[in-house]
Amino acid sequence: MSIDLIVFSVTIDPSAIAGACLWALALYLGFSPIGDWVIEQLSRWFNYAERSLYSSIEEFERTRAAREAQNAFYASILSILPFLGAGALCNFGVEAGLGKSWAISVGILACMGCGIYELGRRDGQKSD
């Protein structure tokens, strides 16, 4: 797929996007406590930054619940970005080491393995 900008032509490989997204999903599942921590930190930062926009404490407290819910939503969406970057690096590494034909296959295997690990990890937390 080729995207033509005014001066530049950017070529995007669909298999690289698919591989990076598969690796990002695998990393997100495999390192879910880190993902939860990233969401919490982003949500705290959004709430702190938004507090500085209000001059009245009454107005701030009146709309607090809705804004905190909205900030939690934005934080959960943006928490995917670091995993997408790490997934792109993992995909690039697999492509460089094993070849382009293996990138998607290994990404699918990583997703399955990390998904099973996450199920076991959560089941282990319930028992305790």
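Residues numbered from 1 in each chain as written. Predicted model: local features only at pLDDT ≥ 70, side-chain atom pairs only at ≥ 80, totals over all residues. Heavy atoms only, no water.

J.: Before we go on, may I ask you to explain the packing of helix H1 (residues 14-30) against helix H2 (residues 32-51) in this structure?
T.: Two packed helices can be described by the angle between their axes and the distance between those axes. Closest axis-to-axis distance for the H1/H2 pair is 5 Å, and the angle between their directions is 90 degrees. Relative to H2, the element H1 is oriented roughly perpendicular. Residues Tyr28, Leu29 and Gly30 of H1 form the contact with H2, whose participating residues are Ser32, Gly35 and Ile39. Of the residues belonging to the contact of H1 with H2, the class tally is three nonpolar, three polar and no charged. (Axes fitted to C-alpha atoms, helices over the stretch in contact; angles between N-to-C directions. Helix = DSSP H or I, 4+ residues; strand = E, 2+ residues; numbered from the N terminus. Parallel < 35°, antiparallel > 145°, perpendicular 65-115°, else oblique. Contact = heavy atoms within 4.5 Å. Nonpolar A, V, L, I, M, F, W, Y, C, P; charged D, E, K, R; others polar.)

J.: How should the side chain of Asn71 be read in this particular structure?
T.: The topology assignment puts Asn71 in helix H4 (residues 64-78). Judged by relative accessible area, Asn71 falls into the buried class, the value being 6%. A polar atom in the side chain of Asn71 sits 2.9 Å from the side chain of Glu50. With residues up to four places along the chain from it excluded, the contact list for Asn71 reads Ser43, Phe46, Asn47 and Glu50. (Buried < 20%, exposed > 50% of the residue type's maximum accessible area, 1.4 Å probe, protein only. Polar contact = N/O pair within 3.5 Å; in protein donor to acceptor, adjacent residues only side chain to side chain.)

J.: Explain the UniProt feature "transmembrane region" (unreviewed entry) in the chain to me, please; I cannot follow it from the model alone.
T.: As recorded in UniProt, the feature "transmembrane region" (unreviewed entry) lies at residues 6-31, 72-94 and 100-120. For residues 6-31, the end-to-end C-alpha separation is 40 Å, with 65% helix and 12% strand making up the annotated structure. Helix makes up 100% of residues 100-120 and strand makes up 0%, while its end C-alpha atoms are separated by 31 Å. (UniProt positions renumbered as here; feature names shortened; annotations may be inferred.)

J.: Would you explain a nonpolar patch on the surface in this entry?
T.: Together, Ile6, Val7, Phe8 and Val10 give the surface a local cluster of nonpolar side chains, amounting to about 490 Å² of exposed area. For Ile6, the position within the fold is in the loop between strand E1 (2-4) and strand E2 (9-11). The exposure class assigned to Ile6 is exposed, which follows from its relative accessible area of 86%. (Patch = residues over 30% accessible without salt bridge, like charges linked within 9 Å, V, L, I, M, F, W, Y side chains within 5 Å. Areas by Shrake-Rupley, 256 points an atom, 1.4 Å probe, with all protein chains shown as cover. Salt bridge = Lys/Arg side-chain N within 4 Å of Asp/Glu carboxyl O.)

J.: I keep staring at the environment of Ser43 and nothing clicks. Help me out?
T.: Within the secondary structure, Ser43 sits in helix H2. Along the backbone, Ser43 and Ser79 are 36 residues apart, and their C-alpha atoms lie at a distance of 9.8 Å. Other than its neighbours up to four places away in sequence, Ser43 contacts Asn71, Ala72 and Ala75.

J.: How should I be thinking about the side chain of Arg121 in this particular structure?
T.: Here Arg121 is to be found in helix H6 (residues 100-127). Excluding residues within four positions of it along the chain, Arg121 makes contact with Ser32 and Pro33.

J.: Quick question: what am I supposed to make of the packing of aromatic side chains here?
T.: Aromatic ring pairs are reported here in terms of the distance separating the ring centres and the angle at which the planes meet. In the structure shown here, the tally under the stated rule is three aromatic pairs. Look at Tyr28 and Phe83: their rings are 5.1 Å apart centre to centre, the planes differ by 85 degrees, and that puts the pair in the edge-to-face class. In this pair, Tyr28 is assigned in helix H1 and Phe83 in helix H5 (residues 80-98), connecting sequence segments 55 residues apart. Both rings, one in Phe73 and one in Tyr74, keep their centres 5.9 Å apart while their planes meet at 50 degrees; by these two values the pair is tilted. Residue classification places Tyr74 among the partly exposed positions, given a relative accessible area of 38%. (Phe/Tyr/Trp six-rings, centres within 6.5 Å; stacked < 30°, edge-to-face > 60°.)

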